[in-house]
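Working through the structure, step by step
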Amino acid sequence: MKADPHYTLYHPRWYRRHVSVWWWLQNRSYTAFVLREITSVFVAFFAVVYLWQIRAIAKGPEAYAQFLTRLGTPFFLVLNAVAFLFVLFHAVTWFNLTPKAMVLRLRGKRVADGVVLGLNYAAWVVVSGAVAFVLLRG
Amino acid sequence: MERITPLLWLLFSAGGTVAALLFPVHLFLTGLAFPLGWLEAPRYDVLHRLIAHPLIRLYLFILISLPLFHWAHRFRYTLYDGLQLKHLTTLIAVLCYGAALFGTAMAAYLLWTIT
């Protein structure tokens, strides 16, 4: 300890225990938490891919063809597959949280979590079907 | 920062919902099913015609911008807690939200000028 300690508003530094950067691997629920946080990186990745696609469409047919070829390279296929798994994990954890984050009441009674969950998943199926329909039928 | 926290949280949660509802299907089709040939990729003129519609442009703008802010918010806290970078708070916040703003501006520019 130094002879002339520098006091701060908070507890002194030398009482802090060192925590490893890998703290989240020690417990399964911590790991799930950090994986859920990391899903955001893949969400951003795909937003950028979509931006890239729009730019290709803006540039013309050759640029769009080149975009399609690039997405078909092993590098992007592997990245897309991993991103897809993470985005699915994001969707499932996000939907499962909604009944806790948003309590619905009907005639003063709380709507059961299962109902809210069911509505979420139903909306997911309908919206996904609509997107696929538009993209496949034009 | 304190004053805009509710707005950032709103963008985070709206972006999370957009990403949860729409990203799996878009990513599955554009990222896997089309390049792998499981389904036929839409032709250029089909996409070009779709994107000409103002509602589709609005949809694409929302599809890109809100999830970027979702990322910015979540990733910011991942860096603080996961990598214990609490001392770089301001720098990380500026970089994360700045990147989301940049992506949003780019989406707006592309969708506005596309012909």
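Fair warning: this is a prediction, and the values are worked out from it, not measured in the lab.

1. Quick look at the overall build of chain A
In terms of regular secondary structure, chain A is built from four helices and two strands. Taken from the N to the C terminus, the helices and strands of chain A come in the order α-α-α-β-β-α. Per-residue burial for chain A yields a buried fraction of 35% across its 138 residues. When contacts within chain A are restricted to residue pairs at least 6 apart in sequence, long-range pairs at least 24 apart make up 45% of them.

2. Overview of helix α2 (residues 44-51) of chain B
Turning to α2 of chain B, its buried residues number three or more, namely Tyr44, Val46, Leu47, Leu50 and Ile51 of chain B. What you see down the axis of α2 of chain B is that its buried residues fit within an arc of 165°, all on one side. Buried residues in α2 of chain B make contact with α1 (28-59), α2 (61-71) and α4 (113-137) of chain A together with α3 (54-82) and α4 (89-113) of chain B.

3. As for the confidence of the model for chain A
Interpreting fine coordinate detail is not advised for predicted regions of low pLDDT. Across chain A, pLDDT averages 89, with 88% of residues at or above 70. The least confident element of chain A is strand β1 (residues 105-106) of chain A, whose mean pLDDT is 81; the most confident is α2 of chain A, at 96.

4. Thoughts on empty space enclosed by the protein
A probe as big as a water molecule, rolled over the atoms, marks out the empty space that is left. As enumerated under the stated definition, the model contains one cavity of 30 Å³ or more in all. What lines the largest cavity is Tyr50, Gln53, Tyr64, Leu68 and Leu135 of chain A together with Thr30, Phe34, Ala41, Pro42 and Leu47 of chain B. Counting only elements with at least two residues in the lining of the largest cavity, the list comes to α1 and α2 of chain A. In the lining of the largest cavity, the residues fall into eight nonpolar, two polar and no charged.

5. Considerations on the pattern of salt bridges
Scanning the entire structure with this criterion turns up four salt bridges over all chains. Of the charged contacts in the structure, one is a salt bridge between Arg36 of chain A and Glu37 of chain A, with a shortest N-O distance of 3.4 Å. Judged by its relative accessible area of 22%, Arg36 of chain A falls in the partly exposed class. Two residues, Asp45 of chain B and Arg43 of chain B, come together in a salt bridge whose shortest N-O distance is 3.2 Å.

6. Some thoughts on the side chain of Ser65 of chain B
Along the chain, Ser65 of chain B falls in helix α3. Take Ser65 of chain B: its relative accessible area is 6%, and that puts it in the buried class.

7. Structural notes on the interface of chain A and chain B
Every contact between the two is made by 48 residues of chain A and, on the other side, 54 residues of chain B. Overall, the association of chain A and chain B removes approximately 4,600 Å² of surface from exposure, summing both partners, and the carbon and sulfur fraction of that is 79%. The interface formed by chain A and chain B holds one salt bridge in total. Of the charged contacts, one joins Arg74 of chain B and Glu37 of chain A as a salt bridge, the two residues approaching to 3.5 Å between their closest N and O atoms. Where chain A touches chain B, the interface holds 11 residue pairs in polar contact (both at pLDDT 80 or more). Breaking the side of chain A that touches chain B down by element, the ones donating at least two residues are α1, α2, α3 (74-101) and α4 of chain A. Here the side of chain A that touches chain B gets 16 residues from one element, more than from any other, and that element is α1 of chain A.

8. Here's the deal with the packing of α1 of chain A against α3 of chain B
Where α1 of chain A contacts α3 of chain B, the axes come no closer than 8 Å and their chain directions differ by 150°. Taken as axis vectors, α1 of chain A and α3 of chain B run roughly antiparallel relative to one another. In the crossing of α1 of chain A with α3 of chain B, the sense of the turn from one axis to the other is left-handed. Counting all contacts with α1 of chain A, which are made through Arg36, Glu37, Thr39, Ser40, Val41, Val43, Ala44, Ala47, Tyr50, Leu51 and Ile54 of chain A, the residues of α3 of chain B involved are Leu60, Leu63, Ile64, Pro67, Leu68, His70, Trp71, Arg74, Phe75 and Thr78 of chain B.

9. Examining the nonpolar core
Counting residues in hydrophobic clusters, the biggest one holds 65 residues, and the most contacted among them are Ile54 of chain A together with Phe23 and Ile64 of chain B. Those elements that provide at least two residues to this core are α1, α2, α3 and α4 of chain A together with α1 (5-33), α2, α3 and α4 of chain B. The element best represented in this core is α1 of chain B, accounting for 13 residues. With near-sequence residues (within four places) excluded, Ile64 of chain B lies in contact with Ala47, Tyr50, Leu51 and Ile54 of chain A together with Ala107 of chain B.

10. Thoughts on the packing of aromatic side chains
Residues and elements named next belong to chain A. Summed over all chains, the structure comprises 19 aromatic pairs over all chains. With a centroid separation of 5.4 Å and an interplanar angle of 45°, the aromatic rings of Trp52 and Phe76 are classed as tilted. Placement of the pair is Trp52 in helix α1 and Phe76 in helix α3, with a sequence separation of 24 residues. The buried category is assigned to Phe76, whose relative accessible area is 13%.

What counts, and at which threshold
Every chain's residues receive numbers from 1 upward, in the order its sequence appears when written. Think of it this way: whatever chain is written first is A, whatever ligand is written first is 1, and the rest follow in order. Local features in a predicted model are, by the rule used here, given only for residues with pLDDT of at least 70; side-chain atom pairs are given and counted only at 80 or more, and totals for whole chains, interfaces and linings are based on all residues. Only hydrogens and water are set aside when side-chain values are computed; all heavy atoms of the structure are taken into account. The numbering of helices and of strands both runs from the N terminus, where a helix is a DSSP run of H or I of at least 4 residues and a strand a run of E of at least 2. Each residue gets one of three labels from its accessible area relative to the maximum for its type: buried under 20%, exposed over 50%, partly exposed in between, using a 1.4 Å probe on protein chains only. The contact definition used throughout considers only heavy atoms, calling two residues in contact when any of these lie within 4.5 Å. Directions are taken from the helix axis to each C-beta atom, and the arc is the one they span. The predictor reports its confidence for every residue as pLDDT, a score running from 0 up to 100. Note on definitions: the grid is 1 Å and covers protein atoms alone; a cavity is a set of points where a 1.4 Å probe fits but cannot get out; a pocket is an open set with protein on both sides within 12 Å along at least five of seven lines; lining residues have an atom within 4 Å of a point. Grid points are joined across faces, edges and corners, and a volume is the space filled by probe spheres set on the points. Each residue receives one of three labels: charged for Asp, Glu, Lys and Arg, nonpolar for Ala, Val, Leu, Ile, Met, Phe, Trp, Tyr, Cys and Pro, and polar for the others, Gly being one of them. In what follows, salt bridge is the name for a side-chain nitrogen of Lys or Arg lying within 4 Å of a carboxyl oxygen of Asp or Glu. Defined here as a combined quantity, buried area equals the accessible surface (1.4 Å probe) lost by two parts on assembly, summed across both. Contacts described as polar in this section are N or O atom pairs within 3.5 Å, which, within protein, must combine one atom able to donate a hydrogen with one able to accept it, while residues neighboring in sequence count only if both atoms come from side chains. To get an axis, fit a line to the C-alpha atoms, keeping to the stretch in contact for a helix; angles then go from 0 to 180 degrees between the N-to-C directions. An angle below 35 degrees is read as roughly parallel, one above 145 as roughly antiparallel, one from 65 to 115 as roughly perpendicular, and any other as oblique. When the near helix sits turned anticlockwise from the far one by under a right angle, the crossing is termed left-handed; a clockwise turn instead gives a right-handed crossing. Residues grouped as a nonpolar core are buried Ala, Val, Leu, Ile, Met, Phe, Trp, Tyr and Cys residues, joined through side-chain atoms within 4.5 Å. Classification of ring pairs rests on two measures: the distance between centres of Phe, Tyr or Trp rings, Trp counted by its six-membered ring, which must be within 6.5 Å, and the angle between planes, read as stacked under 30 degrees, edge-to-face over 60 and tilted in between.

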